[in-house]
Amino acid sequence: MSDMQFDAYLNLLTRFLRLSPRQREEIRRELRAHLEEAIEAELARGRTREEAITRILDDFGDAAELAARFSVLSNRKRWIMRGTLAAACLGFATFTLHAIWPEGATPVVAENSGAPRAGEVAVGGAQPRADGITTDDAQIAKRLSAPIEANFQDTPLSDVLEYFREIVQTNVFVQRRQLEDHGVALDTPVTLQTTGLPADRTLRLVLDAVGTDVPLGFVVDQGVLLIGPEEKLPRRVMTNVYAVQDLLEASDGTSLVQLIINSVSPDSWRDNGGQYAITNFDTTLVVRTTRDVHAEVERLLTQLRSARAAGSPTGAVPYKAPPRARIQKALEIELPELVFDQQPLEAILQVLTDFTKIEIVVDWDELKRAGVTRDRGISYSSRNRPFSEVLTDLLRAAAPNRPVLYSVEAGGIRICSPEVSIVQAR
Amino acid sequence: MAYSRDLLRGSLDLLVLSSLIHGERYGYQILNALRDESSGRVDLKAGTLYPILHKLEAEGSVKSRWEDGSGRDRKWYQLTDKGRQRLQEGAREWLDYAGCIRALLQPAFPAGAV
């Protein structure tokens, strides 16, 4: 045991704390002060420094448990972080390794530092760093595509972005100045609830919600997840060639190109007045676009392949209807008799979710600007009408003057105000 | 002998507030004061105390300041009016509770044993 041990402990603790960076720093400073004070007393009792630190660490208890105590007791609006469970386990593994590491060779759990140093241990093989922090763009992209849970209730934007840092476990740089110049303050409250959406999709919803005057975006660039106004982000355009012979069969590729243009970042392609290009050449697709759109194209192709594999007799992948299609289908379902008498909009939507098992994501901040609040009481009744019509009527009732629409997205239905985002149901 | 965590749980907030009744203290001092004044029977761990202080501060029962200029890094806590009021109300309730429990547990022993 050494002082380094205590630093490692504090680093781990800080990582687990579900609090604002300022609060975390405050706690860290206080515990360090406690350590200094307590060490003196222990030394006076004739203990060695090592013994003293071991005793004091014992007194603090398990880092994760202590962090949970701080966070649970906190009065702040909290958010669910089930998505980072894996990251937390990784942290544990690291800490255990530290505990048995021979004195003098103790690696430090460092946050956000650069390349791996000698003495660091890779846990689980796939992680390039002992602490799970990656600077590998492919790895970051992979983590961004994993489904997460988000539950933000008036959570400050800075905390929300911190959450994403925890999930992706990489360096996150927020272009603070540029954001503030565009009227986006880091303490802007975010309210959003999603389940099972990929991290990047969730992040986009968050950025859409706060970027009212200017579109916000993010980009993974050389080991950093960069967040800022879309126009200020370095867009690394590259040309990739995708072999798609297996997806073509009868068609010549034109329909595949059209499919991609329709489903991935539609406005960015030249066909729709954008600046990026996609061409089919022989049995390949030549795509020139940004790095993150490439990632989405790749994801789509993978999905197509697994759908196809499932359709063929030898297919080992179980067939799963594409979520979007499933939702479209659910919208056609006739709902039984519904009677609402001045019930809050939020509760009504919850009833619909319970009924249809389709997630309804509402950006309440956005709706607020259209004059709709979650507790707006709504009276409405219907019988045996399709879900889609019920939804349309309800939204019309909620906002008689300004249209509020819904859109179908992978994973759920999103309700938004078209003044801000124009995504009408297709 | 130190009291068990289970027994202490409901009164921890009050004990911490009570330790501040005579003025400012920092975390390490609070631990020592509680231990000394209870003859070692209330021996909180640092990992228990600091989250409580954090919560008490968030709810406005205590306020804190960092010591400056002395070269020593210390976070001093003091009671607020709200904390003082909470302490009094809580203490009244606890003493009443203790009396009640005492009466209820009395039959466990032969007459006059407690």
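Look a little higher up for the structure.
What comes next is a walk through the structure. (Residues numbered from 1 in each chain as written. Chains lettered and ligands numbered in written order. Predicted model: local features only at pLDDT ≥ 70, side-chain atom pairs only at ≥ 80, totals over all residues. Heavy atoms only, no water.)

A short note on the overall build of chain B
Here is step 1 of the chain: The helix and strand inventory of chain B stands at 5 helices and 3 strands.
Here is step 2 of the chain: Order of helices (α) and strands (β) in chain B, N terminus to C terminus: α-α-β-α-α-β-β-α.
Here is step 3 of the chain: Looking at chain B as a whole, 38% of its 114 residues qualify as buried.
Here is step 4 of the chain: In chain B, the proportion of contacts linking residues at least 24 apart, taken out of those at least 6 apart, comes to 51%.
Here is step 5 of the chain: With the model as given, the accessible surface of chain B reaches about 6,800 Å², and the carbon-plus-sulfur share is 53%. (Helix = DSSP H or I, 4+ residues; strand = E, 2+ residues; numbered from the N terminus. Buried < 20%, exposed > 50% of the residue type's maximum accessible area, 1.4 Å probe, protein only. Contact = heavy atoms within 4.5 Å. Areas by Shrake-Rupley, 256 points an atom, 1.4 Å probe, with all protein chains shown as cover.)

With respect to the packing of aromatic side chains
Here is step 1 of the chain: This structure, assessed with the given rule, holds 7 aromatic pairs over all chains.
Here is step 2 of the chain: Relative to F60(A), the ring of Y9(A) lies with its centre 6.0 Å away and its plane at 25°, an arrangement referred to as stacked. In this pair, Y9(A) is assigned in helix α1 (residues 3-16) and F60(A) in helix α3 (residues 49-60), connecting sequence segments 51 residues apart.
Here is step 3 of the chain: You can call Y9(A) buried: its relative accessible area is 2%.
Here is step 4 of the chain: Accessibility expressed as a relative area gives 1% for F60(A), which makes it buried.
Here is step 5 of the chain: Both rings, one in W94(B) and one in Y97(B), keep their centres 5.1 Å apart while their planes meet at 80°; by these two values the pair is edge-to-face. Highlighted residues: W94(B) and Y97(B), both in helix α5 (residues 81-105), separated by 3 residues, approximately one helical turn.
Here is step 6 of the chain: Note on W94(B): relative accessible area 30%, which makes it partly exposed.
Here is step 7 of the chain: Overall, the relative accessible area of 44% leaves Y97(B) in the partly exposed class.
Here is step 8 of the chain: One aromatic cluster is present, built from ring pairs that chain together F6(A), Y9(A) and F60(A). (Phe/Tyr/Trp six-rings, centres within 6.5 Å; stacked < 30°, edge-to-face > 60°.)

Looking at the interface of chain A and chain B
Here is step 1 of the chain: The interface of chain A with chain B comprises 23 residues on the first partner and 21 residues on the second.
Here is step 2 of the chain: Both faces combined, the contact of chain A with chain B buries some 2,000 Å², and carbon together with sulfur accounts for 55% of it.
Here is step 3 of the chain: At the boundary of chain A with chain B, the tally comes to 5 salt bridges.
Here is step 4 of the chain: Across the pair E26(A) and K75(B) runs a salt bridge, and its minimum N-O distance is 3.3 Å.
Here is step 5 of the chain: Viewed at the interface, chain B and chain A are joined by 9 residue pairs in polar contact (both at pLDDT 80 or more).
Here is step 6 of the chain: Sorting the residues of the side of chain A that touches chain B by element identifies α2 (21-44), α3 and α4 (63-73) of chain A as the ones contributing at least two each. (Buried area = accessible area lost by both parts, 1.4 Å probe. Salt bridge = Lys/Arg side-chain N within 4 Å of Asp/Glu carboxyl O. Polar contact = N/O pair within 3.5 Å; in protein donor to acceptor, adjacent residues only side chain to side chain.)

As for the nonpolar core
Here is step 1 of the chain: Of all hydrophobic cores here, the largest spans 46 residues; its most connected members are L13(A), L31(A), F60(A) and L44(B).
Here is step 2 of the chain: Broken down by secondary-structure element, the contributors of at least two residues to this core are α1, α2, α3 and α4 of chain A together with α2 (12-18), α3 (27-37), α4 (46-58) and β3 (75-79) of chain B.
Here is step 3 of the chain: Discounting chain neighbours no more than four positions away, the residues touching F60(A) are F6(A), Y9(A), L31(A), H34(A), L66(A), A46(B), G47(B) and Y50(B). (Core = buried A, V, L, I, M, F, W, Y, C linked by side-chain atoms within 4.5 Å.)

Concerning unusual backbone geometry
Excluding glycine, residues mostly have negative phi values, and the peptide bonds linking residues are mostly trans.
All names here are of chain A.
Here is step 1 of the chain: Positive phi is not limited to glycine here, since S265 has a value of about 45°.
Here is step 2 of the chain: The topology assignment puts S265 in the loop between α11 (254-263) and β7 (277-281).
Here is step 3 of the chain: The phi dihedral of N384 is positive, around 50°, even though this residue is not glycine.
Here is step 4 of the chain: Looking at where N384 falls in the secondary structure, it is placed in the loop between β12 (377-382) and β13 (385-386).

With respect to α3(A)
The α-helix winds at 3.6 residues per turn, so residues separated by three or four positions along the chain end up facing the same way.
All names here are of chain A.
Here is step 1 of the chain: With 12 residues, α3 ought to run about 16 Å at 1.5 Å a step, and its terminal C-alpha atoms sit 17 Å apart, in line with that.
Here is step 2 of the chain: Residues of α3 that are buried: A52, I53, I56, L57 and F60. All buried residues of α3 fall inside an arc of 130° around its axis, so they share one side.
Here is step 3 of the chain: Positive phi appears at G61, one or two residues downstream of α3, with a value of about 80°. (Expected span 1.5 Å × (residues − 1). Arc of directions from axis to C-beta.)

Concerning the side chain of S61(B)
Here is step 1 of the chain: With respect to the helices, strands and loops of the structure, S61(B) is situated in the loop between α4 and β2 (62-66).
Here is step 2 of the chain: A distance of 2.8 Å separates a polar atom in the side chain of S61(B) from a polar atom in the side chain of E59(B).

Brief notes about the sheet that holds β7(A)
Residue and element names in this part refer to chain A.
Here is step 1 of the chain: Spatially, 3 strands are ordered β6-β8-β7 in an open sheet, and the strand pairing comes out antiparallel. Two strands bound the open sheet, and with one partner strand each, they are β6 (237-243) and β7. The sheet shows a mean angle of 15° between the axes of neighbouring strands, direction not considered.
Here is step 2 of the chain: Examined bridge by bridge, β7 and strand β8 (residues 284-290) share 5 bridges and lie antiparallel to one another. Residue pairing across strands places T279 opposite V286, the latter belonging to β8.
Here is step 3 of the chain: Packing of α11 onto the sheet brings it into contact with β7 and β8, and relative to β7 it is tilted by some 160°. (Pairing = 2+ DSSP bridges. Axes fitted to C-alpha atoms, helices over the stretch in contact; angles between N-to-C directions.)

With respect to the packing of helix α14 (residues 345-356) of chain A against helix α16 (residues 387-398) of chain A
Residue and element names in this part refer to chain A.
Here is step 1 of the chain: At their nearest, the axes of α14 and α16 sit 12 Å apart, and the two run at 175° to each other. In terms of orientation, α14 lies roughly antiparallel with respect to α16. Mapping the contact onto sequence places L345, I348, L349, L352 and T356 in α14 and F387, V390, L391, L394 and A398 in α16.
Here is step 2 of the chain: For the contact of α14 with α16, the residue count by class is 9 nonpolar, 1 polar and no charged. (Parallel < 35°, antiparallel > 145°, perpendicular 65-115°, else oblique. Nonpolar A, V, L, I, M, F, W, Y, C, P; charged D, E, K, R; others polar.)

Digging into the pattern of salt bridges
Residue and element names in this part refer to chain B.
Here is step 1 of the chain: In total, this model carries 28 salt bridges over all chains according to the counting rule given.
Here is step 2 of the chain: The salt bridge partner of R9 is D6, with a shortest N-O separation of 3.3 Å.
Here is step 3 of the chain: Taking relative accessible area as the criterion, D6 reaches 58% and is therefore assigned exposed.
Here is step 4 of the chain: One salt bridge in this structure joins D13 and K55, with 2.6 Å as the shortest N-O distance. Here D13 is found in helix α2, whereas its partner K55 is found in helix α4, with 42 residues between them in sequence. This pair shows no difference in class: D13 is buried, exactly as K55 is.

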